[in-house]
Amino acid sequence: MNTTTTALNLPGIHHVTAIAGDPKRNVDFYTRVLGLRLVKKTVNFDDPTTYHLYYGDSVGTPGSILTFFPWAGLRRGRPGNGQVYATAFSVAAGSLRFWEARLLTHGVTPSAQTNRFGEDVLAFTDPDGLILELVATTEADTRPAHTHPEIPAANAIRGFHGVTIAVIDAARTEKLLVGPMGYRTAQSAGGRTRYTTGAGGPGTYVDLLVDSSIPRGLQGAGTVHHLAFQTPDDASQDAARTTLLSLGYHVSPVMDRNYFHSIYYREPEGVLFEIATNPPGFAVDESVDTLGTALKLPAQYEAQRSAIEAALPKLT
Ligand code: ZN
């Protein structure tokens, strides 16, 4: 009897969602300093008095999307074990001196460059303390970057490189990744093991990091809320849900997030994982030219638009 489970169809990262403090400061940092595009300005579907802001490349391609739930005045959390500890963007090799200078100009002091698996890495934090990295990849990354007047196209962010998940013990998470989730080990050194999937390359990497100096993570501003993996369509998502349920995972029902459909489950070290469909994408309720300019509400909140708009802080 064949008891092998068919691997889930998860070609790479879809998005990373984090928690922020002041929403205007969040918009300024990601659009003006990092040069990402605000591709969607909507509300938290579970709490329409707060924003849900999406940043990405020009169209919000899966693998480029960093999203935030910003709550002004929220106390800071602490990045640590049981969380996505660091979120890394991909830039072309040779770009880090440009970014070092640009970050300093904007009052952000990055850490000294390090080298990880042969690639230079520049780490820094956003205004809420979220740990970000720029990886000067030596691999071909032909994904088009969003254009920004102060950032040469050759140096611009092309989407995610990958994420680092900090764990006390990597064994059970590794078993989930390389088992049902279809990932494979790419590299390993010094407590860090890198996994990749599908065609590989930037946008697919998940690193598990075991480091005794990292504390337990505490959720709050400046921490990642969840990590979403992409899946091609509703059918592949449904198959993934069935498989995860059969393995004993508590998986949410399918949630309609307007721009993708989502299911959620918690991996063994406590990180919230999501599987999000690539379609329909961010152009479903506004044109590509105007992405992110108007407040978009899901249908259930449209009747309350004026009250919601009045309650939300201004972003500009
Ligand atoms: Zn999500």
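Provided above is the structure to which this section pertains.
This is a predicted model, so every value here is computed, not measured.

Caption draft 1: Structural view of the nonpolar core. Ranked by internal contacts, the top residues of the largest apolar core, which has 65 residues, are Tyr30, Leu34 and Met181. Setting aside anything within four residues of it in sequence, one finds Tyr30 in contact with Gly35, Leu36, Tyr55, Leu66, Phe68, Asp126, Leu130 and Leu132. Of all hydrophobic cores here, the second largest spans nine residues; its members include Val39, Tyr54, Tyr259 and Phe282.

Caption draft 2: A look at the sheet that holds strand 6 (residues 114–116). Spatial strand order, 6-7-8-5-9-12-11-10: eight strands in an open sheet with mixed pairing. The sheet terminates laterally at strand 6 and strand 10 (184–189), the two strands that pair on one side only. Strand-to-strand twist in this sheet, taken as the mean axis angle between neighbours without regard to direction, amounts to 30°. Sheet analysis places strand 11 (residues 192–196) next to strand 12 (residues 205–209), joined by four bridges and oriented antiparallel. Counted as the bridge partner of Arg192 is Leu209 from strand 12.

Caption draft 3: Quick look at the pattern of salt bridges. Tallying each qualifying case throughout the model produces 13 salt bridges. With a closest N to O distance of 3.7 Å, Arg32 and Asp28 form a salt bridge. Of the two residues, Arg32 and Asp28 both sit in helix 1 (residues 23–33), four residues apart, roughly one turn of that helix. Within this structure, Lys24, Asp28 and Arg32 form a network of salt bridges that share partners.

Caption draft 4: Examining the coordination of the zinc ion more closely. Around the zinc ion, the protein contributes the donor atoms His15 (NE2), His226 (NE2) and Glu274 (OE), at 1.9 to 2.0 Å from the metal centre. Taken in sequence order, the residues that donate to the zinc ion follow the motif H-x210-H-x47-E. Pair noted here: His15 is in strand 1 (residues 12–20) and Glu274 is in strand 16 (residues 272–277), with a separation of 259 residues, a long-range link. Judged on exposure class, the residue His15 and its partner Glu274 are both buried.

Caption draft 5: How the structure looks around the sheet that holds strand 17 (residues 295–296). Spatially, 14-15-16-13-1-4-3-2-17 is the arrangement adopted by the nine strands of the open sheet, whose pairing is mixed. Bordering the open sheet on either side are strand 14 (255–256) and strand 17, each of which pairs with just one other strand. Judged from the two bridges that link them, strand 14 and strand 15 (residues 261–266) form a sheet pairing that is antiparallel. Residue pairing across strands places Met255 opposite Ser262, the latter belonging to strand 15.

Caption draft 6: Region of the structure containing the pairing of strand 3 (residues 47–56). Counting buried residues in strand 3 gives eight out of 10 residues, a clear majority hidden from the surface. In this structure, strand 2 (residues 37–44) lies alongside strand 3, joined through seven bridges in antiparallel fashion. Of the residues in strand 3, the one forming a bridge with Leu38 is Tyr55. Once strand 2 ends, the chain turns through two residues before running back antiparallel as strand 3.

Caption draft 7: Structural view of the packing of aromatic side chains. Applying the stated criterion across every chain yields a total of 15 aromatic pairs. Here Phe69 and Trp71 contribute two aromatic rings whose centre-to-centre distance is 6.1 Å and whose plane-to-plane angle is 40°, an arrangement assigned as tilted. Exposure remark for Phe69: the relative accessible area of 11% places this residue in the buried category. Looking at Trp71, the relative accessible area reads 28%, which means it is partly exposed. Chaining the aromatic ring pairs together yields one cluster made of Tyr183, Phe229, Tyr249, Tyr265 and Phe273.

Caption draft 8: Region of interest: the environment of Thr204. Structurally, Thr204 is set in the loop between strand 11 and strand 12. In the structure, Thr204 is positioned 26 residues away from Gln230 in sequence and 9.8 Å away in space, judged by C-alpha atoms. In this structure Thr204 touches Pro11, Gly12, His161, Tyr183, Tyr195, Thr196 and Thr197, once residues within four positions along its chain are discounted. Side-chain polar atoms of Thr204 contact the backbone oxygen of Gly201, separated by 2.7 Å.

Caption draft 9: How the structure looks around helix 4 (residues 234–246). Given a rise of 1.5 Å per residue, 13 residues ought to cover 18 Å, and the 18 Å separating the end C-alpha atoms of helix 4 matches this to within 8%. All of the buried residues in helix 4 are Ser236, Gln237, Ala240, Thr243 and Leu244. Viewed along the axis of helix 4, the buried residues span an arc of 125°, placing them on a single side of the element. Turned more than 90 degrees away from the buried face of helix 4 sit Ala235, Thr242 and Ser246, all of them exposed. With a side-chain oxygen positioned 3.2 Å from the backbone nitrogen of Ala235, the residue opening helix 4 is Asp233. Where helix 4 terminates, the next one or two residues include Gly248, which has phi positive at roughly 95°.

Calculation notes
- Sequence order as written defines the numbering, with residues in each chain counted from 1.
- Confidence filtering applies because this is a predicted model: local features only for residues at pLDDT of at least 70, side-chain atom pairs given and counted only at 80 or more, and all residues used for totals across whole chains, interfaces and linings.
- Heavy atoms from the whole structure form the basis of all side-chain values; hydrogens and water molecules are not counted.
- Take the buried residues of types Ala, Val, Leu, Ile, Met, Phe, Trp, Tyr and Cys, join any two whose side-chain atoms come within 4.5 Å, and each joined set is a nonpolar core.
- Buried means the residue's accessible area, taken with a 1.4 Å probe over protein chains only, is under 20% of the maximum for its type, while exposed means over 50%, and partly exposed covers the values in between.
- Whether two residues are in contact is decided by their heavy atoms, any of which lying within 4.5 Å being enough.
- When DSSP locates at least two bridges between a pair of strands, those strands are taken to pair.
- Secondary structure counts use DSSP, requiring at least four H or I residues in a row for a helix and at least two E residues in a row for a strand, with both numbered from the N terminus.
- Throughout, an axis means a line fitted to C-alpha atoms (over the contacting stretch in the case of helices), and angles, computed between N-to-C directions, take values from 0 to 180 degrees.
- Salt bridges are identified by distance alone: a Lys or Arg side-chain nitrogen within 4 Å of an Asp or Glu carboxyl oxygen.
- Metal donors were taken as nitrogen, oxygen and sulfur atoms no farther than 2.8 Å from the ion, or 3.2 Å where the ion is Na, K or Ca. Water is excluded, so coordination may look unfinished.
- Within 6.5 Å between ring centres, the rings of Phe, Tyr and Trp (the latter by its six-membered ring) count as paired, and their orientation is classed by plane angle as stacked under 30 degrees, edge-to-face over 60, tilted in between.
- Counted as a polar contact is a pair of N or O atoms within 3.5 Å, where, for protein atoms, one must be capable of donating a hydrogen and the other of accepting one, and residues adjacent in sequence contribute only when both atoms are in side chains.
- Helices are assigned an expected span. That span is 1.5 Å times one less than the residue count.
- Here, the arc refers to the directions that run from the helix axis to the C-beta atoms.

Shape is all these values report; function is a separate question.
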